[in-house]
Amino acid sequence: MLKSPLQIARADYAPKIPASLKGAVKIVEGNKTESVADQAEIDKMFPNTHRMPVITFESGEETSVYPVAKVGVILSGGQAPGGHNVISGLFDGLKKCNKNNKLYGFLGGPSGLLDNDYIELTSDVVDEYRNTGGFDIIGSGRTKLEDEEQFDKVMSNCKAMGINAIVIIGGDDSNTNACVLAEYFVKKKAGIQVLGVPKTIDGDLKNEVVETSFGFDTACKTYSELIGNIQRDANSAKKYYHFIRLMGRSASHIGLECALQTQPNITIISEEVENKKLTLDDIVSYITDIIVKRAEQGHNFGSVLIPEGLVEFIPAMKTLIGELNDILAANESDIKGLENNQKRREFVATKLSADSSKVFTSLPASFADQLMLDRDPHGNVQVSMIDTEKLLIDMVKVKLDELKADGSYKGKFSAQGHFFGYEGRCAAPSNFDADYCYSLGYTASLLISEGKTGYMASIKNLTAPAEEWIPGGAPITMMMNMERRHGALKPVIQKALVKLDGKPFKALEENREEWAMETNYLYPGPIQYFGPSQVCDLTTRTIVYEQS
Ligand code: FBP
């Protein structure tokens, strides 16, 4: 494989790990846990894996002798920086536990487990990928593993290969499925453990035991570098407003973190929009108002951060999308058979409720078409394909033209739209993600060796130096509650949205008026891999505020 000079230098980086993982390790079981809500239902659905204790790994006196394990690993869902280091940590940990342990990588995500499509991950393979971004070592996918027929297929494939543990590296949906699979295998006495690892750049898989999901740190640093560069350009040319949409399918953690790192003029947070029941028009008015005030000071440039998932948090749009989901699912072939998008829009409009139909038909045609695009395998709208930044630019322009006509706006408005998502998902992991991911993988190997199932690897105390991190495992059931999905109540991991009373949001709230009017941009620059620790080992502002 051809390598860049940075890749060659970076291959030698030895991830920093918690002191307790360096020598002999002992397992310490803590208090029994229970699900975040709906305990009675979770008891019924997870009789074997609900109410298990939290686990920590501490320095021990004697090296344990572990039985041989054959382990399968999959990468599930969207890419996130550090996935390769989870696999390196898992590989090294398994070899440390027993040199005869073997690791197999199932290809293309969960479908690899169903199709029995795998490679053995030997040191030759793993060494090529240490400290690199991407999921290309084995690929990823979004196939849903949720019904018993699939579980039986996975069980027979694993039994045929002698696999006794599966590690699922994924987000909230994939870890929910891992939990259901773990319970099923216990019930069937399959002798196959299932462990999860918290992945997603979106940062919405976190709770009291999982402080952050991996990849969030690197992705936000990558986007913040780009936002900083754009802001410096805006402040130099003084002629453009940059509307920047940031990935994060649901929660606005990425937008909030990038705002704290770069201090833009305007930041929209979806959770606040929902909480205040704002309409699209309210959001446009808020942005327009700031643009008018900046123009009065002679500033006709600026930066606006928009979360990718915004449309689903605007109450009227949320209702519309909910109705569209049902209509598209129920009339799939009829809609696909129509000759063009205009006909599809007209057909769909007749099926919507009166209110939603009004909203739908008032949207620009191109935007309405994007709302009708295929859902992902989990039934989610593919928000990365919806150009919310362009919609907002157009709507702000219309409002400014009206204000100009009545003489209350005399500025100039010229806007550029950007979408940052794929630029960050496979970036070379920051030191934080390289260290965190390696430690997560290593911890997963210990959970396997200790015979645990239905656990997610967890590393706590993440704002301290890596030496002081606390490795362990959290029962996935403790993160669960019952939610309505596709019309039925299902056990799912509770998604962590931005808390409006949390310190990261408060920090934005306290400063945003000043950032709107002043030009207080911060320029974080590129991720640094070599150099002083205070630059190279920075964590996110979010986690620092959350733990302060
Ligand atoms: P995961 O939740 O699987 O980690 O993926 C998150 C994400 O990066 C979102 O931010 C984004 O909306 C989505 O994936 C895009 O996925 P795809 O490229 O498959 O459309």
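Only a predicted model underlies this, so the values are computations on that prediction, with no experimental measurement involved.

*Asks:* Please explain unusual backbone geometry as it appears in this structure.
*Replies:* Despite not being glycine, N131 shows a phi value in the positive range, around 60°. Positionally, N131 belongs in the loop between α5 (123-127) and β6 (140-141). Overall, the relative accessible area of 3% leaves N131 in the buried class.

*Asks:* Looking at this model, I keep getting lost on the environment of N481. Mind explaining?
*Replies:* By the secondary structure assignment, N481 is in strand β15 (residues 480-485). Sequence separation between N481 and A259 is 222 residues, and the spatial gap between their C-alpha atoms is 31 Å. When residues no more than four places from it in sequence are discounted, the contact partners of N481 are V36, A37, D38, K490, P491, V492, I493 and Q494. For N481, the side chain forms a polar contact with the side chain of Q494, separated by 3.0 Å.

*Asks:* Just checking my understanding: could you explain the pattern of salt bridges for this structure?
*Replies:* A side chain with one charge can pair with a side chain of the opposite charge if their charged atoms come near. Scanning the model with the defined rule gives 27 salt bridges in all. Notably, a salt bridge pairs R51 with E34, separated by 3.2 Å at the nearest N-O pair. With a gap of 17 residues between them, R51 in the loop between α2 (39-45) and β2 (53-59) and E34 in the loop between β1 (25-32) and α2 connect regions that are remote in the sequence. Between K318 and E274 there is a salt bridge whose closest N-O contact spans 3.0 Å. Taken together, the residues K318 in helix α12 (residues 315-330) and E274 in helix α10 (residues 270-275) connect sequence positions 44 residues apart.

*Asks:* Please clarify how the nonpolar core should be interpreted in this entry.
*Replies:* A general tendency of soluble globular proteins is for nonpolar side chains to be buried together. In this structure, F214 and Y223 are the most contacted members of the largest nonpolar core, which totals 72 residues. For this core, the leading source of residues is helix α19 (residues 431-449), giving 10 residues. Dropping the residues within four chain positions of it, Y223 is found in contact with I201, L246, M247, I254, C258, F420, G421, E423, G424 and R425. In this structure, L280, V284, L363 and M372 belong to the second largest nonpolar core, which totals 46 residues.

*Asks:* Mind showing me how you'd approach the site of the ligand here?
*Replies:* Every one of the 15 residues lining the ligand counts as a neighbour, but G78, R142, D202, E308 and Y422 are closest to it. R142 is positioned with one of its side-chain polar atoms (N or O) 2.9 Å from an oxygen atom of the ligand. A distance of 2.7 Å separates an oxygen atom of the ligand from a polar side-chain atom of Y422. Compared with its free state, where it exposes 490 Å², the ligand has 85% of that area covered by protein. Of the residues in the shell around the ligand, the class split is 3 nonpolar, 6 polar and 6 charged.

*Asks:* Sorry if this is basic, but what is going on with the layout of surface pockets here?
*Replies:* Looking at the largest pocket, its volume works out to about 1,300 Å³. Lining of the largest pocket is provided by 37 residues; of these, E312, N325, G379, N380 and V381 occupy positions nearest its centre. Counting residues per element, the ones that place at least two in the lining of the largest pocket are α7 (172-187), α12, α13 (332-337), α14 (341-351) and β15. Residue composition of the lining of the largest pocket, grouped by class: 9 nonpolar, 11 polar and 17 charged. Considering only enclosed or pocket space, the second largest pocket measures out at about 580 Å³ in volume. K206, N207, A496, K499 and E546 are, among the 24 residues lining the second largest pocket, the residues nearest its centre.

*Asks:* What exactly am I supposed to notice about empty space enclosed by the protein here?
*Replies:* Any space left empty among the atoms is revealed by the rolling of a water-sized probe across them. Counted by the stated rule, this structure contains 5 cavities of 30 Å³ or more. Of the pockets and cavities examined, the largest cavity occupies roughly 60 Å³. Around the largest cavity, the lining is made up of 10 residues, and of these S76, P110, L145, S174 and N177 lie nearest the centre. Those elements giving two or more residues to the lining of the largest cavity turn out to be β3 (70-76) and α7. For the lining of the largest cavity, the element with the highest residue contribution is α7, accounting for 3 residues.

The rules behind each value
Residues numbered from 1 in each chain as written. Predicted model: local features only at pLDDT ≥ 70, side-chain atom pairs only at ≥ 80, totals over all residues. Heavy atoms only, no water. Helix = DSSP H or I, 4+ residues; strand = E, 2+ residues; numbered from the N terminus. Buried < 20%, exposed > 50% of the residue type's maximum accessible area, 1.4 Å probe, protein only. Contact = heavy atoms within 4.5 Å. Polar contact = N/O pair within 3.5 Å; in protein donor to acceptor, adjacent residues only side chain to side chain. Salt bridge = Lys/Arg side-chain N within 4 Å of Asp/Glu carboxyl O. Core = buried A, V, L, I, M, F, W, Y, C linked by side-chain atoms within 4.5 Å. Near = heavy atom within 4 Å. Areas by Shrake-Rupley, 256 points an atom, 1.4 Å probe, with all protein chains shown as cover. Nonpolar A, V, L, I, M, F, W, Y, C, P; charged D, E, K, R; others polar. 1 Å grid on protein atoms, 1.4 Å probe; cavity = no way out; pocket = protein on both sides within 12 Å on 5 of 7 lines; lining within 4 Å. Points joined across faces, edges and corners; volume = space filled by probe spheres on them.

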